Every structure is written in C-alpha cells, then in structure tokens.
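Chain residues, written in single-letter form:
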Amino acid sequence: MANDPSAGINEADRTEIEAAVFRRLVEHLRARTDVQNIDLMNLSGFCRNCLSNWYQDAAAEKGIELEKGDAREIVYGMPYDDWKARHQSDATPAQMAAYEKARPDRQE
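Reading guide: rules and limits
- Residues numbered from 1 in each chain as written.
- Predicted model: local features only at pLDDT ≥ 70, side-chain atom pairs only at ≥ 80, totals over all residues.
- Heavy atoms only, no water.
- UniProt positions renumbered as here; feature names shortened; annotations may be inferred.
- Helix = DSSP H or I, 4+ residues; strand = E, 2+ residues; numbered from the N terminus.
- Patch = residues over 30% accessible without salt bridge, like charges linked within 9 Å, V, L, I, M, F, W, Y side chains within 5 Å.
- Areas by Shrake-Rupley, 256 points an atom, 1.4 Å probe, with all protein chains shown as cover.
- Salt bridge = Lys/Arg side-chain N within 4 Å of Asp/Glu carboxyl O.
- Lys, Arg positive; Asp, Glu negative; His and termini not counted.
- Charge placed at Lys NZ, Arg CZ, Asp CG, Glu CD.
- Buried < 20%, exposed > 50% of the residue type's maximum accessible area, 1.4 Å probe, protein only.
- Contact = heavy atoms within 4.5 Å.

**Let's talk about the UniProt feature "domain: SMc04008-like" (unreviewed entry) in the protein chain**
Under the feature "domain: SMc04008-like" (unreviewed entry), the UniProt entry names residues 35-101. Helix makes up 72% of residues 35-101 and strand makes up 0%, while its end C-alpha atoms are separated by 20 Å.

**Side note on a negative patch on the surface**
On the surface, Glu65, Glu67, Asp70, Glu73, Asp81 and Asp82 cluster together to form a negatively charged patch. Judged by relative accessible area, which is 47%, Glu67 ranks as partly exposed.

**Describing the side chain of Ser52**
Turning to its location among the elements, Ser52 is positioned in helix H3 (residues 48-61). Classification of Ser52 as buried rests on a relative accessible area of 1%. Non-local contacts of Ser52, meaning those with residues more than four positions away in its chain, are made with Ala71, Arg72 and Val75.

**Quick word on the environment of Ala97**
Inspection of the secondary structure assignment puts Ala97 in helix H6 (residues 93-102). The class of Ala97 is partly exposed, set by a relative accessible area of 48%. As for Ala97 and Phe22, which are separated by 75 residues in sequence, their C-alpha atoms are 30 Å apart.

So this is what it looks like as structure tokens:
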C-alpha cells in the first residue's frame with residue numbers, strides 16, 4: 001500500500017487545511033456562476049446543493065441545527081432563490097439526458 005502523504009500532518013493542521021480548501025472551493029463556485037449545478041452533477045456527481053447538504057449534515061453531527069436555506073446561503077453566498085433568479089438557466093435536453101444517464105440511482 002502506498003504511503004499516506006498526509007500522515008505527517010497533525011489533526012489540528014489537517015482540519016485547518018481542509019477548512020481552507022473548502023472555503024476556496026466555495027469561493028470558486030460562487031465566482032463561477034456560469035457553471036450550472038446540472039453541469040457539476042453531470043461531470044462530478046455533486047453540486048452546490050450537495051455541498052450545502054453536506055454542510056448541514058456536518059453541523060448536525062456537531063449538534064448544531066442549521067436550516068437548509070441557511071446552509072445553501074453559506075455555499076451560494078446569497079439566498080438560494082436569489083441565486084437561482086440571477087444565475088440559473090433551464091437545463092437543456094442534452095444536459096437532462098446526460099443527467100439521467102449518469103444518475104447512479106436510475107432504474108434499468
């Protein structure tokens with residue numbers, strides 16, 4: 001088995017590094033409003049909504065109640081409905097076909 005390159009990083013530093021990476025990813029996604037969530041889903045299997053759900057789940061694991069809308073605002077940088085009105089376009093038939101094809105939970 002290969003050596004774990006993060007083995008020499010203590011837990012506190014690892015947490016700080018991971019938090020910084022998350023913040024950078026969120027800032028990148030906020031800046032790339034041209035990239036639609038369906039494009040992210042089709043390419044990577046997750047999107048901004050997934051990140052906000054994971055954020056909400058992690059908060060719950062720490063005993064912190066976080067509303068879905070609040071978690072989305074943390075990721076989107078604004079209320080979700082505002083982001084959708086400003087930046088979200090309707091999915092094209094090609095995007096929807098790719099989404100349906102790539103969905104791991106699809107029925108065969």
